[in-house]
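# Structure at a glance
Okay, here's what each chain looks like letter by letter:
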Amino acid sequence: MSVLIVILAVSAACCLGFGFVLQQNVAQKAPLSDFLTPRLLLDLMKVPRWLFGTALMVIGMVLGAIALGQGEISMVEPLLATNLLFALALSRHQTKQPLGRQGWAGLVLLAGGVSAFIVAGQPRGGNAVTDPLRHWLIIGLTIGAALLLTAFAKHARLNTAAPLLLALAAGLLYGVQDSLTRVSGERFSEGGLTEVLSGWQPYGVLVLGVSGLILVQSAFETAPLRMSLPALTAAQPLAGILCGVGFLGDRLRTDAGALAWQAAGLAGVILGIVLLGLHPAMPTGAAQEEPARDLQPH
C-alpha cells in the first residue's frame, strides 16, 4: 500500500508541476485590472494552454486526493512538494537552461529532505480528534493567516512582495483543502456519497480550491514563476502536516533523534524548494505594463 501511495502522490506532483508552468505561461499576460478578482479566471479560461494546464492541475489534485484517502497526510504532503521538480523539468525544456550546481543541490535537498522526514517520522494513522473546537481553531488560524497575507498582498499590489504573499496564502489554503479532502474520503468510505454530501467538508474543499486558484493565478500574473511557486510549494505541506497531526490523528515518532531528523528533513525540503524555485530555468516572464498585456488564445 505504501508503494501505491508513493506512486499516486508522485504522479499527482508531476501533473501539478506541469500544470503550474503552463498556467503561468498564460497568466503573466492577463490584464492587471483582473488582479485578485474572479474575472481573472474568466479571462484565462479563453486560452486553451491555460485550460490544459488547469486540467493537469485538476488531475493532480484528484490523484492527490486518492493518495490522501489511502495514506496519512503527513506522508503524502511532502511527496506532493516534489511538484517543483517537475515544474523545473518543463521550464528547463522551455528555456534550455542547464541544471547546474544549483539545480542539482536543490534536487538532492528536496528529495533527501522528503525521504528523511518520512523515514524518521514514520507517519501512521491514529484516532482523529473529536473535539470540534480543536478542528476549528487550527483551520481558523490557518485560513486567518491566509486572509491576512492576502490583505497585505492586495495593499502591496505590484510590489515584489505581493506574489510571494499570495503564494504563501494559497499554499495555506491548499493545505487545509487537503485535510478536508482526507476527511471527505473517510466519510465516503463510511457511508458513501450521501454521507459525504451531508457534511460541510466537500463544500469547503470547493471554496478553498477556487479561492486558492484565484490567489495562485494572481501571483502568476504579477511576477515570474520563481517568485511564487517556491512559497506555494513550501506552505502547502506545512499546513497539511499541521492539520494532519493537529486533528486528523496522524502520528509521528516523537523521540529526540526522530524529531531532529524530521526537522532537518523539512529544512532540507524548504531549502531545496527555494534553490529550485530560483533556478534560472524557471520562467522569467515579468509583469508588463497593463497597456502592453495581451491575453489571446494560443
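It should be noted that the structure appears before, not after, this text.
Within each chain, residue numbers correspond to sequence positions counted from 1 in written order. Since the coordinates come from a predicted model, pLDDT governs what is reported: local features require at least 70, and pairs of side-chain atoms require 80 or more to be given and counted, while whole-chain, interface and lining totals use all residues. The side-chain quantities take in all heavy atoms of the structure and omit both hydrogens and water.

Helices and strands together make up the secondary structure of the chain, namely eleven helices and zero strands. Every radius of gyration here is taken over C-alpha atoms, with the globule rule written as 2.2 Å times N^0.38, N being the number of residues. Taking 19 Å as the expected radius of gyration for a compact globule of 298 residues, we find that the chain reaches 19 Å, a close match to that expectation. Seen along its three principal axes, the alpha-carbon backbone of the chain occupies a region of about 55 × 45 × 30 Å. Across the 298 residues in the chain, those meeting the buried criterion constitute 52%. Per the convention used, a helix needs a DSSP run of H or I reaching at least four residues, while a strand needs a run of E reaching at least two, with both numbered from the N terminus. Each residue's exposure class comes from its accessible area (1.4 Å probe, protein chains only) as a fraction of the maximum for that residue type: buried when under 20%, exposed when over 50%, partly exposed otherwise.

Bringing the nonpolar core into the picture now. Among soluble globular proteins, nonpolar side chains are generally buried collectively. We define the nonpolar core as a collection of buried residues of types Ala, Val, Leu, Ile, Met, Phe, Trp, Tyr and Cys that are connected through side-chain atoms lying within 4.5 Å of one another. Core analysis: the largest hydrophobic core is formed by 79 residues, its most contacted members being Leu229 and Leu232. Ranked by residue count, the leading element in this core is helix H8 (residues 161–197), at twelve residues. The contact definition used throughout considers only heavy atoms, calling two residues in contact when any of these lie within 4.5 Å. When neighbours within four sequence positions are excluded, Leu232 is seen to be in contact with Phe20, Ala167, Ala170, Gly171, Tyr174 and Val216.

The subject of this paragraph is helix H6 (residues 100–121). Its 22 residues give H6 an end-to-end C-alpha distance of 31 Å, which sits within 8% of 32 Å, the value for a rise of 1.5 Å per residue. Burial in H6 covers these residues: Gly103, Gly106, Leu110, Gly113, Val114, Ala116, Phe117, Ile118, Ala120 and Gly121. The elements touched by buried residues of H6 are helix H4 (73–80), helix H5 (83–95), helix H10 (225–246) and helix H11 (256–277). One or two steps after H6, the chain reaches Gln122, where phi turns positive at roughly 45°. In a helix, the anticipated span is given by 1.5 Å times the number of residues less one.

Note on aromatic contacts: the rings of Phe and Tyr and the six-membered ring of Trp form a pair at centre separations within 6.5 Å, being stacked when their planes are under 30 degrees apart, edge-to-face when over 60 apart, and tilted otherwise. Under the criterion given, the structure shown has three aromatic pairs. Ring geometry for Phe18 versus Phe86: centroids 6.3 Å apart, planes at 90°, classification edge-to-face. A residue pair is termed long-range when its members are at least 10 positions apart, and Phe18 in helix H1 (residues 2–27) and Phe86 in helix H5 qualify at 68 residues. Taking the relative accessible area as the measure of exposure, Phe18 reaches 28% and is therefore partly exposed.

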